[in-house]
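Each chain, written out:
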Amino acid sequence: MSGDGNRSIVKHFRRYGALYIMLILPMTVLILFHYVPMYGVQIAFRNYRITRGIADSPWVGFKYFIKFFRYHNFWQIIRNTLVVNLYSLLTFPLSLILALLLAHVPFRRFAKIVQNASYVPHFISMVVLCSMVIQFTNARTGMINSFLGLFGVPPVNYMAKKEYYYSIYVWSGVWQNLGYSSIIYIAALAGISPELHEAAIMDGASIVKRIWHIDVPGVMPTFCILLIMRCGSLMNVGFEKALLLQNSLNMSVSEVISTYSYNIGLNSATPQYSYASAIGLFTSVINLIMLCLVNSVVKRVSDSSLW
């Protein structure tokens, strides 16, 4: 049996050896950049000093976690982070809707033009995008105020109004990423058998019924997986965009966990590495819990899940 087992292993590697060799590089990158750095997680539990290194820095336990929980703006930061992410989550199905519309546009050339045009904003750098947003919403020279001024609407400094910040943040992100996010749904729609649509057409089904009964069930597994992954980053907000759109007048709604962590960890005269690491670890733990909870819920109501 041992000899047969060894021959079976040798035969397996002869057949799939090239695939295992190809796997070496991505696995090496994964280990080096995702698992080895986990050694540094202990910084969150130490009073880290660069001159002493990680191992020789004194252990302080949950000191920095408690410090963050007692921070006077703790709940404001949590609220801002959740509002931005939950607001963004409401726009999550828009990329699926765009993909469905493009798939059923009768003029294919027009669909290709719209599709390519919707991809372009994704490749605009975040700095340029935020500069465009600030220029467009400028009270004196902004395009939005200039247009509304034609109808007698008085100019508004949108970036100074807290009530507009969340909408500006979220919808500028929709404009930037809507087309690019729809690519995976377009690919999923392409994998649906054309015979199903042909049979539905023969039965007299309208486009709406074909979308609802064929396309939507066909892409729903993909949608569920992406939704689970999106909910797994519910406490993450990219600090670049939030920081670039931030000013002293909207600070109460624009300060999120990532910007606060960046400011105290890197953008400070006396960087607090341990404090910033504790905040990052807290965020990661909450995201992991949310990922498991949403995956469990989706698994109960559908056949799609990450595990």
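Predicted, not measured: the structure shown is a model, and the values here were computed from it.

Cut-offs and rules
- Residues numbered from 1 in each chain as written.
- Predicted model: local features only at pLDDT ≥ 70, side-chain atom pairs only at ≥ 80, totals over all residues.
- Heavy atoms only, no water.
- Helix = DSSP H or I, 4+ residues; strand = E, 2+ residues; numbered from the N terminus.
- Expected span 1.5 Å × (residues − 1).
- Bend = angle between axes of the 7 residues up to and from the residue.
- Buried < 20%, exposed > 50% of the residue type's maximum accessible area, 1.4 Å probe, protein only.
- Contact = heavy atoms within 4.5 Å.
- Axes fitted to C-alpha atoms, helices over the stretch in contact; angles between N-to-C directions.
- Parallel < 35°, antiparallel > 145°, perpendicular 65-115°, else oblique.
- Left-handed = near helix turned anticlockwise from the far one by under 90°.
- Nonpolar A, V, L, I, M, F, W, Y, C, P; charged D, E, K, R; others polar.
- Phe/Tyr/Trp six-rings, centres within 6.5 Å; stacked < 30°, edge-to-face > 60°.
- Lys NZ or Arg CZ within 6 Å of the ring centre and 35° of its normal.

Visitor: How do you make sense of helix H12 (residues 207–231) when you look at a structure like this?
Guide: With 25 residues, H12 ought to run about 36 Å at 1.5 Å a step, yet its terminal C-alpha atoms sit only 31 Å apart, falling short of that. For H12, the principal kink sits at methionine 220 and spans about 45°; a proline, proline 221, occurs within the next four residues. Along H12, the positions that sit buried rather than exposed are Arg210, Ile211, Ile214, Asp215, Val216, Val219, Phe223, Cys224, Ile228 and Cys231. Next to the buried residues of H12 lie helix H4 (74–90), helix H5 (94–104), helix H10 (183–190), helix H11 (194–202) and helix H16 (273–301).

Visitor: Looking at this structure, I do not really get the side chain of asparagine 287. What am I missing?
Guide: Inspection of the secondary structure puts asparagine 287 in helix H16. Excluding residues that lie within four positions of it along the chain, asparagine 287 makes contacts with Gly232, Ser233, Leu234, Met235 and Asn236.

Visitor: When you look at the packing of H4 against helix H9 (residues 162–181) in this model, what are you seeing that I'm missing?
Guide: The geometry of a pair of packed helices is captured by two quantities: the angle between their axes and the separation between those axes. Running from N to C, H4 and H9 point in directions that differ by 45°, and their axes come no closer than 10 Å. As far as their axial angle goes, H9 and H4 are oblique. Relative to H9, H4 is oriented so that their crossing is right-handed. Contacts from Arg79, Asn80, Val83, Val84, Tyr87 and Ser88 of H4 reach H9 at Tyr166, Ser167, Tyr169, Val170 and Trp171. Its residues assigned to classes, the contact of H4 with H9 shows 7 nonpolar, 3 polar and 1 charged.

Visitor: Looking at this model, I keep getting lost on the packing of aromatic side chains. Mind explaining?
Guide: In this description, a pair of aromatic rings is defined by centroid distance and the angle of the planes. Throughout the structure, instances matching the rule amount to 25 aromatic pairs. Considering the side-chain rings of phenylalanine 69 and phenylalanine 282, the 5.4 Å spacing of their centres and the 75° angle between planes classify their relative orientation as edge-to-face. One end of the pair, phenylalanine 69, is in helix H3 (residues 63–69); the other, phenylalanine 282, is in helix H16, and 213 residues separate them in sequence. Taking 4.8 Å as the distance between ring centres and 25° as the angle between the ring planes, the aromatic pair formed by phenylalanine 239 and tyrosine 262 counts as stacked. A residue pair is termed long-range when its members are at least 10 positions apart, and phenylalanine 239 in helix H13 (residues 239–244) and tyrosine 262 in helix H15 (residues 257–265) qualify at 23 residues. Judged by relative accessible area, phenylalanine 239 falls into the partly exposed class, the value being 29%. In this structure tyrosine 262 comes out as partly exposed when scored by relative accessible area, which is 24%. Here a set of aromatic residues connected by ring pairs shows up, and it is made of Tyr64, Phe68, Phe69, Tyr71, Phe74, Trp75, Tyr260, Tyr275 and Phe282. When the ring centre of tyrosine 275 is taken as reference, the NZ or CZ atom of lysine 67 above it lies at 4.5 Å. Above the ring of tyrosine 169, the side-chain terminus of lysine 241 is found at 4.6 Å from the ring centroid.

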